[in-house]
Amino acid sequence: MKKGIVFMMSMAMTLLFSGCGCSQNSTPTTIGNNDSQGHYEDNTVEPEPKTTQENEGTIGDLKVEIAKSEVTESSDGKKALLVTYKVTNNAKDAVVFDKKLSAEAYQNNTALRQASMDNQEHDKENMLRVVKPGETLEFHEAYILSGDSDVTVRVCKADQTAEQEQNDTSMITRTFKVK
């Protein structure tokens, strides 16, 4: 009898939570959002943007290239994808990559968490470097992989809503094979 009651209660709770709109956070992850204690934003499922620039393009006064990727290991031993971005500042003023742009990686339409790397060159503080007018810098970000399927990387303006991001024609995307 007790087993039946427990089963019915667990089924009721499952139905309650699956139908109540309890979706995960749909705010895009901005590079550098994970803190030093390893907390991350929830993974999100986002629709594909309607129009994008492939591999490289211009967002505002910044020329951005999603240059390459490499499968590696995070500092906690998880399989990760290290992505290299190249950014050229065509503005009159210096900018900080992390303040102007948001970079995200998706596998199976689910946002990947940022990975912590032992190599300080690939640490998140890299995203806080100042890009002077006319200067081109490389930035690196690693993402924890959830399998061996392809990963799509997106770069867009920082601080956009999901709806703005979906309609952003300046967004840059690139899909990488995971080996």
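Up top you'll find the structure we're talking about.
Heads up: these notes are all about the structure in this document. The shown structure was predicted, so the numbers you read here are calculated from the model rather than taken from an experiment.

## Observations concerning the sheet that holds strand β6 (residues 101-107)
Working step 1: With respect to topology, 5 strands assemble into an open sheet ordered β1-β11-β10-β6-β7, the strand pairing being mixed. Of all the strands in the sheet, the pair left with one neighbour each is β1 (53-54) and β7 (110-111).
Working step 2: Examined bridge by bridge, β6 and β7 share 2 bridges and lie antiparallel to one another. Looking at β7, one finds that Tyr106 is bridged to Ala111.

## Notes on the nonpolar core
Working step 1: Core analysis: the largest hydrophobic core is formed by 25 residues, its most contacted members being Ile66, Val83, Tyr85, Val151, Val153 and Val155.
Working step 2: Put simply, the parts of the chain that give this core at least two residues each are β3 (62-73), β4 (79-89), β6, β9 (136-144), β10 (151-157) and β11 (172-176).
Working step 3: With 4 residues, β4 is the largest single contributor of residues to this core.
Working step 4: The next biggest cluster of nonpolar side chains, apart from the first, holds 6 residues, and it includes Ala80, Leu82, Met117 and Ala142.

## Some thoughts on the environment of Thr110
Working step 1: Within the secondary structure, Thr110 sits in strand β7.
Working step 2: On the accessibility criterion, Thr110 (24% relative accessible area) is partly exposed.
Working step 3: Spatially, the C-alpha atom of Thr110 lies 9.7 Å from that of Val151, the residues being 41 residues apart in sequence.

## What to know about the pattern of salt bridges
Working step 1: Taken as a whole and judged by the stated rule, the model has 4 salt bridges.
Working step 2: Measuring nitrogen to oxygen at the nearest pair gives 3.4 Å for the salt bridge that ties Glu56 to Lys63.
Working step 3: The partly exposed category is assigned to Lys63, whose relative accessible area is 35%.
Working step 4: Between Lys86 and Glu138 there is a salt bridge, with its nearest N and O atoms 4.0 Å apart. Linking Lys86 in strand β4 with Glu138 in strand β9, this pair joins segments that are 52 residues apart in sequence.
Working step 5: What makes Lys86 partly exposed here is its relative accessible area of 31%.
Working step 6: On the basis of relative accessible area, Glu138 is assigned to the partly exposed category, the value being 34%.

Cut-offs and rules
Residues numbered from 1 in each chain as written. Predicted model: local features only at pLDDT ≥ 70, side-chain atom pairs only at ≥ 80, totals over all residues. Heavy atoms only, no water. Pairing = 2+ DSSP bridges. Helix = DSSP H or I, 4+ residues; strand = E, 2+ residues; numbered from the N terminus. Core = buried A, V, L, I, M, F, W, Y, C linked by side-chain atoms within 4.5 Å. Buried < 20%, exposed > 50% of the residue type's maximum accessible area, 1.4 Å probe, protein only. Salt bridge = Lys/Arg side-chain N within 4 Å of Asp/Glu carboxyl O.

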